[in-house]
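Summary of structural features
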Amino acid sequence: IHVVTWNVASAAPPPDLSDLLQLNNLNLNLDIYVIGLQELNCGIMSLLSDTAFEDPWSSYFMDVLSRLSFVKVSSVRMQGLLLLIFAKYQHLPFIQVLSTKSTPTGLFGYWRLEHFDRILEMQNFEAQDIPNILDHDLILWFGDMNFRIEDFGLHFVRESIRNRRYSDLWEKDQLSIAKRHDPLLREFQEGSLLFPPTYKFDKNSNNYDTSEKKRKPAWTDRVLWRLKRQSQTNFHTPALSAPFALFLRSYVSHMVYTISDHKPVTCTFDLELKPLVSAPLITLLPEGPCTMESDMLISYSLTTDFLSSPWDWIGLYKVGLRHINDYVSYVWVRDNQISFSDRLNQVYINISDIPETEDPFLLFYYSNNLHSVVGISKPFKIQPFSFLEEDPLDEAQPQI
């Protein structure tokens, strides 16, 4: 899991975000991106445009990550805040019952530490077994938290940074101080701050604030996490039998980006877990050779514990889709139905709804009850036509 936080100060995306997304790191095999941006341009014209179309940042991330088989799973926009979740499409059948909740705080969304308990109290979800955010196995808390460095003067802070003596500043970091006095805050863990403070820089440079205010540098941009406390009966259980285990791989800032007065921060984790779903609930595939000469016949089978709905649908996608709504065609599972049984079902997509292209395709089965994809086909191609080839016994055989 790769977590990104960045206060972009109303700027547009830069041309290259490879370093931020670790696209050139051959040692990483990422499965999920969790991206949080703050201070997006929220002028009236920008908000109107973003309501009608995708905002520039979402579009950029979808364009880049879709080429690497990532699909946008969920997003939340609240004024200048944006949260994006991406996952490799192969994982979609195992990501189910998604729910989002946002809690506005303060004027224009600015928050203070006293809002912390209120946010946790109000983050309630529909699922009965996990009603409150603190009931979840894992919480990621990240963003521009605006924590500053107390007491130390500007000269001492800058000299400590210049000499890379970051540990000299830790004891006066406001978040570290707050955790010493708040037991709940102490449950949130963080990697060591081994990178320069990420605020405040002159834009288009790596120089700390040279304006008249000369603000002290601070680690305002942070990534923390909390693991749900295991019951006492499981305290001595070996680690491998726990629901999951989380390991921090890296916690760094990215000085290469200068469009904002903040530097972005990323945190990469290894997450080991026992999946609640061991196999997709739906298996589906296109039947026979697919050509532009006839309707596409689709067969699918359900597991015994899957509850289907008339509002379930199957979507046809080009490989490289950006979002679940990027289908090129779809069919409701109870429409265009050819056969139905306990074990095998068949529907068809009309040939007129299939684009003429040799690009590879995928089929997704979307569950209305689970609000998620529960089955994916293997990639396949739709050929422009088929032809017959004579076999040695003079029997015509269909060939592609």
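As shown above, the structure is provided for reference.
My aim in this report is to walk through the structure given alongside it, one point at a time. (Residues numbered from 1 in each chain as written. Predicted model: local features only at pLDDT ≥ 70, side-chain atom pairs only at ≥ 80, totals over all residues. Heavy atoms only, no water.)

**Observations concerning the packing of aromatic side chains**
- As enumerated under the stated definition, the model contains 25 aromatic pairs in all.
- With 6.5 Å between their ring centres and 80 degrees between their planes, Y166 and W219 make a pair best called edge-to-face. One end of the pair, Y166, is in the loop between α5 (154-162) and α6 (167-170); the other, W219, is in the loop between α8 (183-186) and β6 (221-227), with 53 residues separating them in the sequence.
- Under the relative-accessibility criterion, W219 is labelled buried at 0%.
- Three or more aromatic residues joined by ring pairs make a cluster, and in this case those are Y89, W311, W313, Y317, Y327, Y330, W332, F364 and Y366.
- A cation over a ring is seen here: K263 above F201, with NZ or CZ 4.7 Å from the ring centre. (Phe/Tyr/Trp six-rings, centres within 6.5 Å; stacked < 30°, edge-to-face > 60°. Helix = DSSP H or I, 4+ residues; strand = E, 2+ residues; numbered from the N terminus. Buried < 20%, exposed > 50% of the residue type's maximum accessible area, 1.4 Å probe, protein only. Lys NZ or Arg CZ within 6 Å of the ring centre and 35° of its normal.)

**Some remarks on helix α7 (residues 174-181)**
- Taken together, the buried positions of α7 are occupied by L175, I177, A178 and K179.
- Buried residues along α7 sit against α8 and β6. (Contact = heavy atoms within 4.5 Å.)

**A word on unusual backbone geometry**
- In this chain, Y199 is followed by K200 through a cis amide linkage whose omega measures 0 degrees.
- For E39, which is not glycine, the phi torsion reads 55 degrees and is therefore positive.
- You can see E39 is positioned in the loop between β2 (32-38) and α2 (44-52).
- The exposure class assigned to E39 is partly exposed, which follows from its relative accessible area of 35%.

**Some remarks on the sheet that holds strand β13 (residues 337-340)**
- Judged by pairing direction, the sheet is antiparallel, and its four strands sit side by side in the order β9-β10-β14-β13 without closing on themselves. Whereas interior strands pair on both sides, the edge strands pair on one side only; in this sheet they are β9 (282-286) and β13. Across this sheet, the average inter-strand angle for adjacent strands is 20 degrees, counted without regard to direction.
- Pairing between β9 and strand β10 (residues 296-302): five bridges, direction antiparallel. Across the sheet, the residue bridging to L284 is Y300, located in β10. (Pairing = 2+ DSSP bridges. Axes fitted to C-alpha atoms, helices over the stretch in contact; angles between N-to-C directions.)

**Observations concerning the pattern of salt bridges**
- Applying the stated rule across the entire model yields 13 salt bridges.
- One salt bridge connects E190 with R222, and the closest N-O pair in it is separated by 2.7 Å. With a gap of 32 residues between them, E190 in the loop between α8 and β6 and R222 in strand β6 connect regions that are remote in the sequence.
- With a relative accessible area of 0%, R222 lands in the buried category.
- Close ionic contact of R249 with D270 constitutes a salt bridge, the shortest N to O distance being 3.5 Å. Taken together, the residues span a long stretch of sequence, with R249 in strand β7 (residues 244-253) and D270 in strand β8 (residues 265-273) at a distance of 21 residues. (Salt bridge = Lys/Arg side-chain N within 4 Å of Asp/Glu carboxyl O.)

**Considering the environment of I161**
- Along the chain, the position of I161 falls in helix α5.
- Taking the C-alpha atoms as reference points, I161 and P217, 56 residues apart in sequence, are found 8.9 Å from one another.
- Contacts of I161, omitting those with residues within four sequence positions, involve Y166, L169, P196, P197, Y208 and P217.

**Digging into the sheet that holds strand β15 (residues 361-367)**
- Taking strand neighbours across the sheet as the criterion, the four strands line up as β12-β11-β15-β16 in an open arrangement whose pairing is antiparallel. Pairing within the sheet leaves two strands with one partner each, and these edge strands are β12 (329-332) and β16 (372-376). Adjacent strand axes in the sheet meet at a mean angle of 30 degrees, parallel and antiparallel pairs treated alike.
- Across four bridges, strand β11 (residues 313-318) lies against β12 in antiparallel orientation.

**A short note on the environment of H115**
- By the secondary structure assignment, H115 is in helix α4 (residues 115-122).
- H115 gets classed as buried once you look at its relative accessible area, which sits at 11%.
- It is 7.1 Å that separates the C-alpha atoms of H115 and T105, two residues lying 10 residues apart in sequence.

**What to know about the environment of G288**
- Residue position: G288 is located in the loop between β9 and β10.
- Residues G288 and I298 lie 10 residues apart in sequence; the distance between their C-alpha atoms is 9.2 Å.

**Considering the pairing of β15**
- The buried count for β15 comes to seven of seven residues, which makes it a mostly enclosed element.
- Residues F361, L363, Y365 and S367 of β15 are buried on one face, and the alternating residues L362, F364 and Y366, pointing to the opposite face, are buried as well.
- With six bridges connecting them, β11 and β15 associate as antiparallel partners. Considered in β15, the bridge of G315 is made with F364.
- Where β15 lies against β16, four bridges are found, and the strand directions are antiparallel.

**Brief notes about α5**
- Inspection of α5 places V157, S160 and I161 among the buried residues, and these make up the whole buried set. Angularly, the buried residues of α5 cover 100 degrees about the axis, an arc narrow enough to put them on a single face. Exposed and oriented more than 90 degrees from the buried face of α5 are H155 and R162.
- Where α5 is buried, its residues meet α6.
- Downstream of α5 by one or two residues, R164 has phi in the positive range, about 60 degrees. (Arc of directions from axis to C-beta.)

**Details of the side chain of D55**
- Take D55: it is sitting in the loop between α2 and α3 (56-66).
- The side chain of D55 sits in the buried core without any salt bridge; R77 is the nearest counter-charge, 4.5 Å away.
- Looking at D55, its side chain comes within polar contact range of the side chain of S58, at 2.6 Å. (Lys, Arg positive; Asp, Glu negative; His and termini not counted. Polar contact = N/O pair within 3.5 Å; in protein donor to acceptor, adjacent residues only side chain to side chain.)

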